[in-house]
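# Residue-level structural notes
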Amino acid sequence: MRIRIVDAFTDRPFAGNPAGVLLLDAFPDDRLLQQVALEVNHAETAFAHPLPEGGAADWALRWFTPATEVNLCGHATLATAHVLHTTGAHQGPVRFATRSGVLVATPGADGSVTLDFPTAPLTPAAVPAGLAEALGAEPRAVLDTGPNVGDLLVELADETTVRELTPDHKALAAHSERGVIATARAEDPARGYDFVSRCFFPNVGIDEDPVTGSAHTALAPYWCERLGRPALTGLQASPRSGLVRVEPRGDRTLLSGRAVTVIEGDLLAW
């Protein structure tokens, strides 16, 4: 069984967010999928298999963290589309059947991939007691991102505050289903990005995710409305970092980025 490690939302190796990708003939037992994801031990491992022609989707796709299966994952979807296109397993736009409905990934002439994802519904929320202490900064605004994303979106004072966070991950786990997205406006848009974010997901076994596509389905409508622009670029300011181009279109959001395959090998225990 071939397994690949792909760095997503970056154009260079050892940056962005690494994901395991396995192309299968069919999904085996869930226990085996979870064991493989734990062995890979990246934020997500994606498993995909082709579907019969003529249906609503081309490939079935599932995502597992080392601890659990998740409803939506951007970087592992980008990584899977990259593998399909670079290996010739699929040409042109690919439709994935997932827990979050049919998701489309379209390759660009420049090597990028654009994902068509559901926009996260944002609902203003009161600042939960203890959130500022757990995060290590005072929120300016807090929004719930709905069931598919499952995070609290928290705007902080400025980019420096986001970059310097050292949260209490155990304490953060009490505040949302998956975790917390901390964000702020970019201090200098001339650097090539309009807003920054960091994502902490202790409830799915990920203290800090390097680059999170699903979080940008919430960040996109939030910052496009705040900044009055139809499309923006977000920098996820993790130690690895990565760029996500976002364009909300009503109930859908386009997320664009690049990917690099860094490891390819054989999975012997299957």
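Our structure is the block above this text.
Report on the accompanying structure. What you are looking at is a predicted structure, and each value in this text was computed from that prediction instead of being measured.

## Brief notes about the nonpolar core
Formed by 50 residues in total, the largest nonpolar core has its most connected members in Trp63 and Phe96. Counting residues in each nonpolar core, the second largest holds 19 residues, with Val142, Val162, Leu165 and Leu235 among its members.

## Describing the pattern of salt bridges
In total, this model carries 17 salt bridges according to the counting rule given. One salt bridge connects Glu264 with Arg2, and the closest N-O pair in it is separated by 3.1 Å. Of this pair, Glu264 sits in strand β18 (residues 259-266) while Arg2 is found in strand β1 (residues 2-8), placing the two residues 262 residues apart along the sequence. Take Glu264: its relative accessible area is 44%, and that puts it in the partly exposed class. According to the relative accessible area criterion, Arg2 is partly exposed, its value standing at 34%. Residue Glu69 pairs with Arg62 through a salt bridge whose shortest N-O separation is 2.8 Å. We note that Glu69, like Arg62, is buried. A cluster of three or more residues bridged by salt bridges with shared partners is formed by Arg2, Arg4, Glu264 and Asp266.

## Some details on helix α1 (residues 30-40)
Residues Leu33, Gln34, Val36, Ala37 and Val40 constitute the buried set of α1. Buried residues of α1 fall within an arc of 160° about the axis and therefore sit on the same side. Of the exposed residues in α1, those oriented more than 90 degrees away from the buried face are Arg31, Leu38 and Glu39. The secondary structure elements touched by the buried residues of α1 are β1, β2 (17-23), β3 (44-50), β4 (59-64) and β5 (69-70). Of the residues flanking the start of α1, the one acting as N-cap is Asp29, its side-chain oxygen 2.8 Å from the backbone nitrogen of Arg31. Looking one or two places after α1, you find Asn41, whose phi comes out positive at around 60°.

## Re the pairing of β3
Looking down a regular strand, the side chains alternate between one sheet face and the other. With six of its seven residues buried, β3 lies for the most part within the structure. One ladder, built from five bridges, connects β2 with β3; its direction is parallel. Bridging from a neighbouring strand, Leu22 pairs with Phe47 of β3. Of the pairings in the sheet, the one linking β3 to β4 comprises six bridges and is antiparallel in character. Within β4, the residue paired with Ala46 across the bridge is Trp63.

## A short note on the state of the cysteines
By definition, a disulfide links the sulfur atoms of two cysteines through a covalent bond. Under the counting rule described, the total for this entry stands at zero disulfides. In this structure Cys199 is a free cysteine whose sulfur lies 11 Å from that of Cys73, the closest cysteine sulfur available. The buried category is assigned to Cys199, whose relative accessible area is 0%.

Thresholds applied
- Residues numbered from 1 in each chain as written.
- Predicted model: local features only at pLDDT ≥ 70, side-chain atom pairs only at ≥ 80, totals over all residues.
- Heavy atoms only, no water.
- Core = buried A, V, L, I, M, F, W, Y, C linked by side-chain atoms within 4.5 Å.
- Buried < 20%, exposed > 50% of the residue type's maximum accessible area, 1.4 Å probe, protein only.
- Salt bridge = Lys/Arg side-chain N within 4 Å of Asp/Glu carboxyl O.
- Helix = DSSP H or I, 4+ residues; strand = E, 2+ residues; numbered from the N terminus.
- Arc of directions from axis to C-beta.
- Contact = heavy atoms within 4.5 Å.
- Polar contact = N/O pair within 3.5 Å; in protein donor to acceptor, adjacent residues only side chain to side chain.
- Pairing = 2+ DSSP bridges.
- Disulfide = S-S within 2.5 Å.

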